[in-house]
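The chain contents come next:
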Amino acid sequence: MSAGVSTASDLTRLTAAQTGAAIAAGEISAVETTRAHLERIAAVDARVHAFLHVDAEGALAAAAAVDARRAAGEQLGPLAGVPIAVKDVIATSGLPTTCGSRILEGWVPPYDATVVRRLREAGVVVLGKTNMDEFAMGSSTEHSAYGPTHNPWDLDRIPGGSGGGSAASVAAFEAPLAIGTDTGGSIRQPAAVTGTVGVKPTYGGVSRYGLVALASSLDQAGPCARTVLDAALLHEIIAGHDPLDSTSIDSPTPPVVEAARAADVRGMRIGVVRQFAGEGYQPGVQQRFTEAVALFEDLGATVVEVDCPNFDYALPAYYLILPSECSSNLARFDGMRYGLRVGDDATHSAEEVMALTRAAGFGAEAKRRIILGTYALSSGYYDAYYGQAQKVRTLIVRDFDAAFAQVDVLVSPTTPTTAFPLGERVDDPMAMYLADLCTIPSNLAGNASMSVPCGLSPDDGLPVGLQMIAPPMADDRLYRVGGAVEAALRDRWGHLLIEEAPPL
Ligand code: GLN
C-alpha cells in the first residue's frame with residue numbers, strides 16, 4: 001500500500017476511478033480492496049440490508065485473478081479489480097437470483113447476463129446481489145419478500161426502489177459501484193434519495209440479455225456510483241451492441257467517459273420541464289433544483305423553460321403499459337420451470353400446482369399488477385386501456401422531439417420529495433407510484449437520463465437529485481452536464497455530497 005492509503009476504511013472511501021488507478025499502479029491489490037469492502041459489508045449491512053447475497057469467496061477469487069493478471073504484466077482496464085454490487089434481477093451464473101421474490105427463492109441461473117459477463121471480462125469484482133422490490137415493482141424496496149433496505153442517511157427512511165439495495169450499497173460505502181435496472185425510475189429515484197449518481201442509458205444501449213424482464217419495452221440496466229466519472233467508466237464497460245438482445249442498438253456507444261472528463265456546459269441549451277413543478281413538490285427539493293438551474297447559467301449555459309404537455313399523462317399510461325407487459329412476462333413463473341413449487345403431490349393437478357405456487361410465491365404488488373395487466377389486455381378492454389396508453393406514449397415521444405429541437409438537455413427534480421419514512425406509503429399504491437412522476441417519461445420514450453446529487457434539502461437535510469434527460473444515443477450529454485454540476489458543487493462545498501462513509 002502507498003503511504004496515502006493505509007487502512008481498510010481508506011480503501012472503501014476511494015472512488016472507483018481512484019481504486020482502479022491505484023490497482024493499475026500497483027499501490028493496492030484487488031484482493032485488499034475487495035476484502036475492505038467485504039469487511040464494511042460485514043460491519044454495516046445488518047442495519048442497511050442492501051445485500052440479499054454476498055459472495056465473499058467468489059469475489060476474493062475474482063480479485064486474486066486480477067492481481068495475478070497484473071503481476072503477469074497484462075494491461076488491464078480502468079475498473080479491473082474494482083468491486084461492484086449487482087441488483088438481484090440480473091442473472092449471475094452460480095449465484096442466486098431471486099428478484100426479491102419468494103417465487104425465485106433458491107434459483108441459481110446457469111448463465112451470466114451480458115452485463116455481468118462484460119463486468120467479469122473487464123476484471124470488475126462482483127461482491128454479491130442487492131435487494132429490490134419484488135420483480136422491480138416499487139419505489140421503496142418495501143415490496144421485497146426479504147425485508148426492506150434502509151437508507152444510509154437515515155435508517156428509518158426508504159432508500160428508493162426498486163433498486164434501493166444497489167443505491168444503498170454505494171451510499172453506505174459497501175461498494176463503490178452497483179448495477180441497477182430502470183423501468184420507470186428504479187435507478188434514478190434511489191440515486192436521488194441516497195445522494196448518489198444513477199443513470200438510465202438509452203433504451204437498447206445496454207443489453208437486456210439476462211435481465212429478468214419486468215416490462216420489456218421499458219427495462220434498461222445502468223450504473224450506480226458516487227461520482228459521474230465512475231458512472232461513465234462503468235457505462236462504457238456494460239454498453240454496446242449484443243446480438244443476444246434483439247432491441248440492442250448496433251452503433252457505437254456515445255463517448256461517455258470523455259464527456260464526464262470534459263464536464264463543461266458552456267454554450268449548451270438547457271430546458272427546464274415546466275410540468276415538473278408545483279403542487280406535490282417538496283419546497284426544499286424545489287429550492288435546490290432552482291439553485292441548480294441558476295448554476296447552469298453561471299457556468300455558461302442558456303436556460304429556457306420547455307413545455308411538455310403530455311407528460312401529465314405519462315404516469316397513467318405507464319401504469320397500463322407496465323402491468324400489461326408484466327402480466328405476460330411473469331406468466332413464466334408457474335412452479336414448473338424455476339424456483340418455488342407448491343402442492344407438488346398426487347392430490348393436485350398441474351394447473352392447481354401453478355395456481356398454488358403463484359398464490360404463495362408472489363407478493364401483493366406483483367399480484368395487483370398481474371391482475372391489472374391481464375384486465376387491460378383482455379378482449380373488449382384492449383383498445384380502451386392498452387391501446388390508448390400506447391397512443392399517449394407516442395404523444396410523449398413527440399413532446400420530447402419538440403423539446404430537443406429547442407434544447408440539448410432537459411432538467412427537472414428527479415423526485416418530487418426526498419426519502420420518505422419506511423412504512424409511510426407501503427399501503428398506498430398511488431402515493432408510492434407518484435415517486436416516479438418525473439422519471440417515467442424517459443422510459444416511455446426510450447431516451448437517456450441521469451440523476452446527480454444537487455444538495456441536501458433545507459427542510460429535512462436529506463439528499464435531492466437533479467434529473468437530466470438527453471435524446472436517444474446522446475447519453476454523453478448527460479455526463480457532460482452532470483460532470484459540470486458535480487464539479488461546480490464540489491468547489492462550492494469543498495467536497496462531494498457524499499465523500500465520507502455515513503456513521504452506521
Ligand atoms: N417504481 C416504478 C414501478 O414501480 C419503477 C420500477 C422500475 O423502474 N423498475 O414500476
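Since the model is a prediction, treat every value here as computed from it, not as a measurement.

**What about the side chain of Thr202?**
For step 1, the next point in the chain: Its place among the elements puts Thr202 in the loop between strand S5 (197-200) and strand S6 (221-225).
For step 2, the next point in the chain: On the basis of relative accessibility, which here comes to 1%, the residue Thr202 falls in the buried class.
For step 3, the next point in the chain: Once you skip the residues sitting within four places of it in the chain, Thr202 turns out to touch Gln220, Ile249, Gly446, Asn447, Ala448, Pro471, Pro472, Met473, Ala474 and Asp475.

**Structural notes on the site of the ligand**
For step 1, the next point in the chain: As a matter of local geometry, the ligand sits amid 16 residues, with Thr183, Gly184, Ser186, Tyr318 and Asp436 nearest to it.
For step 2, the next point in the chain: A distance of 2.6 Å is found between an oxygen atom of the ligand and a side-chain nitrogen or oxygen belonging to Tyr318.
For step 3, the next point in the chain: A distance of 3.4 Å is found between an oxygen atom of the ligand and a side-chain nitrogen or oxygen belonging to Tyr319.
For step 4, the next point in the chain: Here the ligand has 290 Å² of accessible area as a free molecule, and 100% of this is covered by the chains.
For step 5, the next point in the chain: Mapping the ligand onto the cavity grids shows that it belongs to the second largest cavity.
For step 6, the next point in the chain: Per-element tally for the shell around the ligand: the top contributor is helix H11 (residues 314-329), with 3 residues.
For step 7, the next point in the chain: Among the residues forming the shell around the ligand, the class breakdown is 6 nonpolar, 7 polar and 3 charged.

**What about the environment of Arg69?**
For step 1, the next point in the chain: Its place among the elements puts Arg69 in helix H4 (residues 56-71).
For step 2, the next point in the chain: For the pair formed by Arg69 and Leu340, sequence separation is 271 residues and the distance between their alpha carbons is 40 Å.
For step 3, the next point in the chain: Not counting chain neighbours up to four residues away, the residues in contact with Arg69 comprise Glu74, Leu76 and Glu121.

**So, the layout of surface pockets**
For step 1, the next point in the chain: Taken as a whole, the largest pocket holds about 390 Å³ of empty space.
For step 2, the next point in the chain: The wall of the largest pocket is formed by 23 residues, among which Thr15, Gln18, Thr227, Arg490 and Leu496 lie closest to the centre.
For step 3, the next point in the chain: Taken together, the elements giving at least two residues each to the lining of the largest pocket come down to helix H1 (8-13), helix H2 (16-24), helix H8 (228-238), helix H9 (256-262) and helix H17 (475-493).
For step 4, the next point in the chain: Here the lining of the largest pocket takes 4 residues from H17, the largest share from any one element.

**Re unusual backbone geometry**
For step 1, the next point in the chain: With omega at 5°, the peptide bond leading from Gly161 into Ser162 counts as cis.
For step 2, the next point in the chain: Locating Ser162 in the fold gives a position in the loop between strand S3 (125-130) and helix H6 (164-171).
For step 3, the next point in the chain: With phi around 60°, Cys99 is a residue other than glycine that occupies positive phi space.
For step 4, the next point in the chain: Judged by its relative accessible area of 0%, Cys99 falls in the buried class.
For step 5, the next point in the chain: A positive phi is found at Met473, a non-glycine position, where the angle reads about 60°.
For step 6, the next point in the chain: Along the polypeptide, Met473 turns up in the loop between strand S11 (463-470) and H17.

**What about the sheet that holds strand S10 (residues 448-456)?**
For step 1, the next point in the chain: Taken in spatial order, the 11 strands line up as S1-S3-S2-S4-S6-S5-S10-S11-S9-S7-S8 in an open sheet, and their pairing is mixed. A single partner strand is all that each edge strand has here, and the edge strands are strand S1 (51-54) and strand S8 (302-306). Pairwise comparison of adjacent strand axes, ignoring direction, gives a mean angle of 25° for this sheet.
For step 2, the next point in the chain: Judged from the 4 bridges that link them, strand S9 (residues 409-413) and S11 form a sheet pairing that is antiparallel. Within S11, the residue paired with Leu410 across the bridge is Ile469.
For step 3, the next point in the chain: Sheet contacts for helix H14 (residues 383-406): strand S7 (269-273), S8, S9 and S11; angle to S9, the most-contacted strand, approximately 115°.

**Structural notes on the packing of H11 against H14**
For step 1, the next point in the chain: Contact geometry for H11 and H14: axes closest at 9 Å, N-to-C directions at 125°. Judged on the interaxial angle alone, H14 and H11 are oblique. Our pair here, H11 against H14, has a crossing hand that is left-handed. Side by side, H11 and H14 meet where Ala314, Ala317, Leu320, Ile321, Ser324 and Glu325 of the first sit next to Tyr385, Tyr386, Ala389, Gln390, Val392, Arg393 and Ile396 of the second.
For step 2, the next point in the chain: Residue composition of the contact of H11 with H14, grouped by class: 9 nonpolar, 2 polar and 2 charged.

**Section: the packing of helix H5 (residues 114-121) against H8**
For step 1, the next point in the chain: Running from N to C, H5 and H8 cross one another at 110°; their axes reach a closest spacing of 8 Å. In terms of orientation, H5 and H8 fall into the roughly perpendicular class. For the crossing formed where H5 meets H8, the hand is right-handed. Contact with H5, carried on its side by Val115, Arg118 and Leu119, involves Leu234, Ile237 and Ile238 of H8 and no other residues of that element.

**Points about the packing of aromatic side chains**
For step 1, the next point in the chain: As enumerated under the stated definition, the model contains 14 aromatic pairs in all.
For step 2, the next point in the chain: Put simply, the rings of Trp107, Phe135, Phe333, Tyr338 and Phe362 pair up and form one aromatic cluster.
For step 3, the next point in the chain: Looking at Arg226, its charged tip hangs above the ring of Phe173, at a distance of 3.7 Å from the centre.
For step 4, the next point in the chain: A cation over an aromatic ring shows up here: Arg425 above the ring of Phe420, its NZ or CZ 3.9 Å from the ring centre.

**Section: the nonpolar core**
For step 1, the next point in the chain: Within the largest apolar cluster, 117 residues are counted, with the highest numbers of intra-cluster contacts made by Leu119, Phe135, Val411 and Tyr479.
For step 2, the next point in the chain: Looking at this core, the element that brings in the most residues is H11, giving 8 residues.
For step 3, the next point in the chain: Setting aside anything within four residues of it in sequence, one finds Tyr479 in contact with Val199, Pro223, Val228, Ala231, Ala232, His235, Val256, Ala259, Ala260 and Met450.
For step 4, the next point in the chain: Leu11, Leu14, Phe51 and Ala59 belong to the second largest nonpolar core, which has 27 residues in total.

**Focus on the pairing of S11**
For step 1, the next point in the chain: For S11, the tally of buried residues reaches 8 of 8 residues, placing the bulk of the element in the interior.
For step 2, the next point in the chain: On S11, burial covers both faces: Pro463, Gly465, Gln467 and Ile469 on one face and Val464, Leu466, Met468 and Ala470 on the other are all buried.
For step 3, the next point in the chain: Between S10 and S11, which pair antiparallel and follow one another directly, the connecting turn spans 6 residues, one of which, Gly461, has a positive phi of 75°.

**Let's talk about the environment of Glu142**
For step 1, the next point in the chain: With respect to the secondary-structure elements, Glu142 resides in the loop between S3 and H6.
For step 2, the next point in the chain: Separated by 283 residues in sequence, Glu142 and Arg425 place their C-alpha atoms 9.4 Å apart.
For step 3, the next point in the chain: Setting aside chain neighbours within four positions, we find Glu142 in contact with Asp133, Pro148, Ile158, Leu422, Gly423, Val426 and Met432.
For step 4, the next point in the chain: A polar atom in the side chain of Glu142 sits 2.7 Å from the side chain of Ser140.

Conventions adopted
Residues numbered from 1 in each chain as written. Predicted model: local features only at pLDDT ≥ 70, side-chain atom pairs only at ≥ 80, totals over all residues. Heavy atoms only, no water. Helix = DSSP H or I, 4+ residues; strand = E, 2+ residues; numbered from the N terminus. Buried < 20%, exposed > 50% of the residue type's maximum accessible area, 1.4 Å probe, protein only. Contact = heavy atoms within 4.5 Å. Near = heavy atom within 4 Å. Polar contact = N/O pair within 3.5 Å; in protein donor to acceptor, adjacent residues only side chain to side chain. Areas by Shrake-Rupley, 256 points an atom, 1.4 Å probe, with all protein chains shown as cover. 1 Å grid on protein atoms, 1.4 Å probe; cavity = no way out; pocket = protein on both sides within 12 Å on 5 of 7 lines; lining within 4 Å. Sits in = over half its atoms within 2 Å of the grid points. Nonpolar A, V, L, I, M, F, W, Y, C, P; charged D, E, K, R; others polar. Points joined across faces, edges and corners; volume = space filled by probe spheres on them. Pairing = 2+ DSSP bridges. Axes fitted to C-alpha atoms, helices over the stretch in contact; angles between N-to-C directions. Parallel < 35°, antiparallel > 145°, perpendicular 65-115°, else oblique. Left-handed = near helix turned anticlockwise from the far one by under 90°. Phe/Tyr/Trp six-rings, centres within 6.5 Å; stacked < 30°, edge-to-face > 60°. Lys NZ or Arg CZ within 6 Å of the ring centre and 35° of its normal. Core = buried A, V, L, I, M, F, W, Y, C linked by side-chain atoms within 4.5 Å.

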